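Listed below, chain by chain, are the residues.
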Amino acid sequence: MKVLILGVNGFIGSHLSERILREKDWDVYGLDIGFDKLGTVIKNPRFHFVEGDITINREWIEYNIKKCDVVLPLVAIATPATYVKNPLRVFELDFEANLAVIKSAVKYNTRVVFPSTSEVYGMCTDEVFDEDKSNFILGPTSKQRWIYSCCKQLLDRVLWAYGFERNFHFSIFRPYNWVGPRLDSIAASKEGSSRVVTQFIGNILRDEPIKLVNGGHQKRCFLYIDDGIDCLIRIIENKNDACNKQIINIGNPKNNITIKELAVRIKKIFEKHPLVKSKRLARKVRIEDVSQDQFYGEGYQDVTFRVPSIKKAKALLGWAPRYDVDTALTRTIDHYVKEYLENSKRCGKELR
Ligand code: UGA
């Protein structure tokens, strides 16, 4: 199989490529603006990489869509602070650029495996979100936080329509707060510029207080990246055509904790980490409350809870997540501590 991954150097793209090349005999064709997360993958003879931009390298993309069996358009801005600050950038990249890719896939009849998001359900009040039954509840237009959810939702619907009217083959997956190594760049992270787990890890490493938006009572279900990739590989494989025209939640309903609890767990794991020489680092961590307006600005609205139904992933793919929340956090923290230590050594600094 030939798999085309746009945004191959991202969190999902880099882990997916690594796993495909390790476990399958498939070829990966990948495009990205960078390659820092790809490690040794880049040297694999079955990995064909081009440094480029999905809004510029259109001919390369079209050529490879034609050649490949499946395309995963993984390029997107996925950090809530950017939805609030630069909603047009989110629209142009997440919606416009990806719509062009989808249209090209339809033209050459190449199957699309599309990353939707748990965010499409918005403030849905169901206890458990079901792919085919739950309603989407978004806030007003003036709350630009929802532009990401809306862009993804419309692309889901466009794919659905191509499937309905033209029998186009696609599968949609909805990640629920996947975490793991390479999630976001700690070095580049400023307030709110990365997702919550990497934000908190970066806060501790940079000796900043952890900020709990609205007291941190909101809940998320965190899924370890290896579990997510496990499920995604099965979707790409699509045995017996089981995933054709299906929408599949990928999350871990058992790892459902408040953001406050997340902060406390991260702090504890830091305290016990063998490489954190001075226990001062973790002990002096301050946890502060902050209002959503202070942290994100007025265009923000939060999701209080979101729990996936994973019945469909189990029924269609025989998949279930394996990693509990502490294992997921420990592995993620371990990666970032090591990366931080290496960078500090290079700059001649010690971990405080
Ligand atoms: C995320 C992003 O929209 C996407 O990455 C993704 O599609 C989706 O969820 C997903 O992975 O399921 P969200 O979970 O709201 O949305 O994003 P985070 O930035 O990780 O925030 C989680 C919660 O932590 C929010 O309630 C936020 O207000 C809170 N938070 C975040 C803090 O309390 N403090 C911080 O420093 C950062």
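Use the structure listed above.
Description of the structure in this document. Everything numeric in this text was worked out from a predicted model, so none of it was measured.

Thoughts on the site of the ligand
Now for step 1: The local shell around the ligand holds 26 residues, among which Ala78, Ser118, Lys211, Asp302 and Arg306 are the closest.
Now for step 2: Residue Tyr148 places a side-chain N or O atom 3.0 Å away from an oxygen atom belonging to the ligand.
Now for step 3: Measuring from an oxygen atom of the ligand, one finds a side-chain N or O atom of Arg195 at 3.4 Å.
Now for step 4: Here the ligand loses 96% of its free accessible area of 720 Å² to cover by the protein chains.

What about helix 6 (residues 196–205)?
Now for step 1: Counting buried residues in helix 6 gives 9 out of 10 residues, a clear majority hidden from the surface.
Now for step 2: Within helix 6, burial applies to Val197, Thr198, Gln199, Phe200, Ile201, Gly202, Asn203, Ile204 and Leu205.
Now for step 3: Of the residues trailing helix 6, Asp207 is marked for its positive phi of about 65°.

Quick notes on the pairing of strand 4 (residues 70–73)
Now for step 1: Across the two faces of strand 4 the burial is the same, with Val70 and Leu72 and Val71 and Pro73 all buried.
Now for step 2: In terms of strand pairing, strand 1 (residues 2–6) meets strand 4 through 4 bridges, oriented parallel. Bridged to Leu6 within strand 4 is Pro73.
Now for step 3: Relative to strand 5 (residues 111–115), strand 4 runs parallel, the two sharing 2 bridges. Its bridge partner lying in strand 5, Val71 is registered against Val112.

Calculation criteria
- Residues numbered from 1 in each chain as written.
- Predicted model: local features only at pLDDT ≥ 70, side-chain atom pairs only at ≥ 80, totals over all residues.
- Heavy atoms only, no water.
- Near = heavy atom within 4 Å.
- Polar contact = N/O pair within 3.5 Å; in protein donor to acceptor, adjacent residues only side chain to side chain.
- Areas by Shrake-Rupley, 256 points an atom, 1.4 Å probe, with all protein chains shown as cover.
- Buried < 20%, exposed > 50% of the residue type's maximum accessible area, 1.4 Å probe, protein only.
- Helix = DSSP H or I, 4+ residues; strand = E, 2+ residues; numbered from the N terminus.
- Pairing = 2+ DSSP bridges.

As far as function goes, none of this settles anything; it's purely spatial.
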